[in-house]
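# Structural description and commentary
If you want the building blocks of each chain, they are given just below.
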Amino acid sequence: MTSVPQPPAPRAPSRSPALSPAPGPSRCGGERRRNASDAGGDLGAAQDTQLKSVDLSCVVKLLEDSDSKDLEKEQLKTLKKVVKHFENGLPLKDLAQIIEILNLCAEKINEQEAFTEPLCELIKLCGLPFQKKKLSDEVNFSMAVSKSIAQLGYLMRVPSSQVRIQICKCVVSFYDMELPRKILSGVNCRLMMKAQAASRLCLYLNGVDPSGQLVFRSSEILWNLLENTSKEEVVNQLSSLECVHALKEVFIDLLMHGFRHYDRQLRNDLLVMATLLAENPAAPMIESGFAKLLIVLATFTEVKIPNPLVKGLKLTYSYEDFEMKKLLFNVIGVLSKDPCAVQLLSENDVMPALLYYVKPNQKPGFHDWSAAQYEELQLHAIVILASVAPLLVDKYLSFQANTLLLVFLEWCIGQDPFFGQGNSFHGTGGRGNKLAQMRYSLRVLRSVVSLYDDAVNLNLCDQGAISQLLDILKYAANKSKEKEDAILLEIQADLLFILSALCENDLHRKELFSYTGVDILIPFIQMDPKKLHSGLGHNCLLLSALDCLWSCVIGCYIAEDYFLEKQGIFLLLDLLALKQKNLHNIILGILVEFCDNPKTTSHISIWRGAKDQTAANLLIQLWRQEELELGVKRDPHGRIVDMKRPIASSFQKQQEVIPMPANCPSFAIMEISENIRAKLYSLFCKLGFENLPGLSAKDFVTLAIIRHYIDFKVGEVWSELCAELKEEFRPIASDEEALKVISEVSEDTGRMVAALQAEVLESQHQQEIQEEEKTYAKIRAIHKQREMVNKSWENFLTRTSNYEALKKAKRLQEKSIEASRSKSKTQNGAVHSTDIKGLGTTIGSGRLVTVESTPQLIGGPLAVTDLALRKPSVCEGALKKIRKVKTLDSVKKDSVPVE
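Presented here is a report on the structure given in the accompanying data block. Owing to the predicted nature of the structure, the values given are computational and were not obtained by experimental measurement. (Residues numbered from 1 in each chain as written. Predicted model: local features only at pLDDT ≥ 70, side-chain atom pairs only at ≥ 80, totals over all residues. Heavy atoms only, no water.)

### A word on the overall build of the protein chain
A tally of regular secondary structure across the protein chain gives 42 helices and 0 strands. Expressed as a percentage of its 899 residues, the buried residues of the protein chain come to 42%. Taking all contacts inside the protein chain whose residues are at least 6 apart in sequence as the whole, residues at least 24 apart take part in 75%. For the protein chain, the accessible area works out to roughly 49700 Å², and carbon and sulfur atoms hold 55% of it. (Helix = DSSP H or I, 4+ residues; strand = E, 2+ residues; numbered from the N terminus. Buried < 20%, exposed > 50% of the residue type's maximum accessible area, 1.4 Å probe, protein only. Contact = heavy atoms within 4.5 Å. Areas by Shrake-Rupley, 256 points an atom, 1.4 Å probe, with all protein chains shown as cover.)

What follows is the structure, given as structure tokens:
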């Protein structure tokens, strides 16, 4: 859909830089144009006809009247007017009535063929881009448009090939992106720009004007040029000193003597043009005095200092004056980007004027602004303060801006009732709360602490800013648990940055941060990894938390130890294991700094990740991934390929030799800061290269490279030095020899590492062979055992089915028993028989041992007289019964085959 010039309509609020993120052209609406037409008198019948609107309700009523046949001519005449009026396209708001007119015409075609032509013309208009007067029209009329397009399909019922063909052309035109050829505005504007139309019109703005229409018509043409040609080209034509003076004089005249509603709108339009000029550094806004006038206008209601530039000027607090106030604030923001305008901003009380709004909203309205208008001005002023404060630090401190902001932030988290309107661009997310005020106040603090000015930061800390900011951070974190949104995440990230800037390089401030700060930081580091890709700003929040950890905790042993107690190192390694590329550098930097604390290395060694991964294995994996991305050459086993430059990236190898001054770092040096290998090497230096758990042979191959990283880097630097020397000088023999020796040392280191890697791989290969042999031996033993079991089973079957085999087995058993007996007989020893009498089984006997009491004559333990003569007790009687049972059980066991 495109927006093209329309007949005048009641004016909607004009767009302006104050209402949008970036300033842009803003036109006042049809009411001003209509007022200007009234003031200018009758400009011709053709113009009046163009300005007249068509009452579609009357057209529908006329077509519905079918009582008289004499109305046909009138109906056709009216339809032609409708077609003429909407020749550039149908407005979205009128589309439903146009479709109703189409249906009425379709009903009349059956009896009156004269309606075929106007019906086709109206259908043709439906194929043009629909027009909108407001940005909200697309949303408000979307359902009406979809229903209207569906109605076009129903018109295929009309028994006319001409109508049906036109409907098909209309549908095809929906997908045609070319604008109608009749719309020639852009072409005309480009031709006018070639003729320097912008500068010529501006130069004659103050000319004699009996009609009173000169400024109005000229501004309309300038806006058309801005909208239909290059904005930069128009601004360049208006940037001459003469044009700026002319624009300034017209603006002052309208400001001081324009009392009509139309005059104020025209004044605001010229103010937007002045804003566009202020964005151009080549425009002489300061030299012409226009910049000073605009600054004074922006501050004269807040700073009660008489100024002759605005003597006698009073605001009416109308909507147009409210819009002008926002535009003037926006001009200050634009001028703050121009270093030449800083002196003007300092001399004309911009700082106190903006600080005027840094105070709690205590009553519904301030002065004659409504509560909603005041809130919008307040937020806009604080936004501009964030741009101006870093430029005017002395003024910022002299007006106690830090105190005002801290008090204001205290109100933001307080329980005082306040219901923010949240109905402006800067008020986004602030409806019913104070988040918008908190958000932009923190932006001001962020802008000033980022200067790292000792006076500003000391002034903040002396007022207890660290503890207050921690309270605000805790408040925002709790709010974020209820409902996360981008604004709350931004607030938390800004707070973390401010704390980082305040605590960096100051031990006392880190101690103030320590316990409370660490408790707040831990949940940020424990953030759900899925949130990092939500698009709300969790990624930025996590980076801010890690930066705050680095600045506010490291270097303070109290804070470091408390962080270690909270298992913070484990959390950092968990984050590192996620392998989020943008987090690697900062996490590794934090770990390297933390290793200065002797307790840290044990925490790193204890950590275990998924699948029992160790920290050493994780770090080596990151090294391999980094080298893969850098294009470092390695063989399939990870060994060194290039002995001269073992760790050089593909980018380094592509660079030509460029002689550089001694104070300029070479590619080999710059490369250190551009990847994480140096940090990984530093971590291993802290952890040691020996006795690292959980490493494979491939890991040891990579570890050999890491161990000699600094040696290889030194070799790269010498290689660059040699190449640069040979480009411009011819070394003497001794220097040549020295350089050769240095180069050979580097290559020897590479060969030594390669040999070590080969040894590791060979050792691993031999170990794998040994493990393989052990596995095969185990398999053979299992097979042999199975063969023995099978053979035993076969022997058992043979003994049970072949009596001769059983007798042979019995003889072998007796022979084996006899051979096992001791050759020397024990004197006076009892001889026990190994045969079981009365055994009726056909298999070998089971594991049955019958122990016979030693006869009394031999002098066994039972031969004691007292025991032999003693009568059996009740227990002994019971024991005899148990023995009988056991004997029966033993006989039963003998009948069971034993392998």
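### Overview of the side chain of serine 239
In this structure, serine 239 sits in the loop between α13 (231-238) and α14 (241-257). Serine 239 gets classed as buried once you look at its relative accessible area, which sits at 10%. In this structure the side chain of serine 239 is engaged in a polar contact, spanning 2.6 Å, whose partner is the backbone oxygen of valine 235. Those residues in contact with serine 239, other than ones at most four positions away along the chain, are Val244, Leu277, Asn280, Ala282, Ala283 and Pro284. (Polar contact = N/O pair within 3.5 Å; in protein donor to acceptor, adjacent residues only side chain to side chain.)

### A few points about a negative patch on the surface
Together, Asp735, Glu736, Glu737 and Glu744 make up a region of like negative charge exposed at the surface. The residue glutamate 737 is located in helix α39 (residues 733-801) in this model. (Patch = residues over 30% accessible without salt bridge, like charges linked within 9 Å, V, L, I, M, F, W, Y side chains within 5 Å. Salt bridge = Lys/Arg side-chain N within 4 Å of Asp/Glu carboxyl O. Lys, Arg positive; Asp, Glu negative; His and termini not counted. Charge placed at Lys NZ, Arg CZ, Asp CG, Glu CD.)

### Re a nonpolar patch on the surface
On the surface, a cluster of nonpolar side chains totalling about 310 Å² of accessible area is made up of Ile710, Val714, Trp718 and Leu721. With respect to the secondary-structure elements, tryptophan 718 resides in helix α38 (residues 709-728).

### Points about α13
For α13, the complete set of buried residues consists of Val234, Val235, Gln237 and Leu238. Angularly, the buried residues of α13 cover 160° about the axis, an arc narrow enough to put them on a single face. Each element contacted by the buried residues of α13 is listed here: α10 (185-194), α11 (197-203), α12 (214-228), α14 and α15 (261-278). (Arc of directions from axis to C-beta.)

### Remarks on helix α16 (residues 290-299)
A large share of α16 lies buried, amounting to 9 of its 10 residues. Elements in contact with the buried residues of α16: α14, α15, α17 (319-335), α18 (342-347) and α19 (350-355).

### Some details on the side chain of threonine 229
Relative to the helices and strands, threonine 229 is located in the loop between α12 and α13. Taking relative accessible area as the criterion, threonine 229 reaches 14% and is therefore assigned buried. Of note is the side chain of threonine 229, whose polar atom sits 2.4 Å from the backbone oxygen of leucine 225.

### As for the packing of α14 against α15
The interhelical angle for the contact between α14 and α15, taken along N-to-C directions, is 150°, at an axis separation of 9 Å. Between α14 and α15, the interaxial angle falls into the category roughly antiparallel. Between α14 and α15 the crossing geometry is left-handed. Mapping the contact onto sequence places Val244, Leu247, Val250, Phe251, Leu254 and Leu255 in α14 and Asp263, Leu266, Arg267, Leu270, Leu271, Met273, Ala274 and Leu277 in α15. (Axes fitted to C-alpha atoms, helices over the stretch in contact; angles between N-to-C directions. Parallel < 35°, antiparallel > 145°, perpendicular 65-115°, else oblique. Left-handed = near helix turned anticlockwise from the far one by under 90°.)

### Notes on the pattern of salt bridges
Charged atoms that come close allow side chains of opposite charge to pair. According to the stated counting rule, one finds 31 salt bridges in the structure shown. In this structure, the salt-bridge partner of arginine 446 is aspartate 494, at a minimum N-O distance of 2.6 Å. Here arginine 446, found in helix α23 (residues 435-449), pairs with aspartate 494, found in helix α26 (residues 486-503); they are 48 residues apart in sequence, far enough to count as distant. You can call aspartate 494 buried: its relative accessible area is 5%. Through salt bridges that share partners, Glu627, Arg634, Glu671, Arg677, Lys713 and Glu716 make up one connected network.

### Looking at unusual backbone geometry
Within the chain, glutamine 196 stands out as a residue other than glycine whose phi angle is a positive 60°. For glutamine 196, the position within the fold is in the loop between α10 and α11. The phi angle at tyrosine 317 is positive, at roughly 60°, despite the residue not being glycine. Among the structural elements, tyrosine 317 can be located in the loop between α16 and α17.

### So, the nonpolar core
Looking at soluble globular proteins, one finds that nonpolar side chains tend to be buried together. With 186 residues, the main nonpolar core has Met285, Tyr396 and Leu572 as its most contacted residues. If sequence neighbours within four positions are ignored, leucine 572 has contacts with Ile525, Leu546, Leu549, Phe563, Ile587, Ile590 and Leu591. (Core = buried A, V, L, I, M, F, W, Y, C linked by side-chain atoms within 4.5 Å.)

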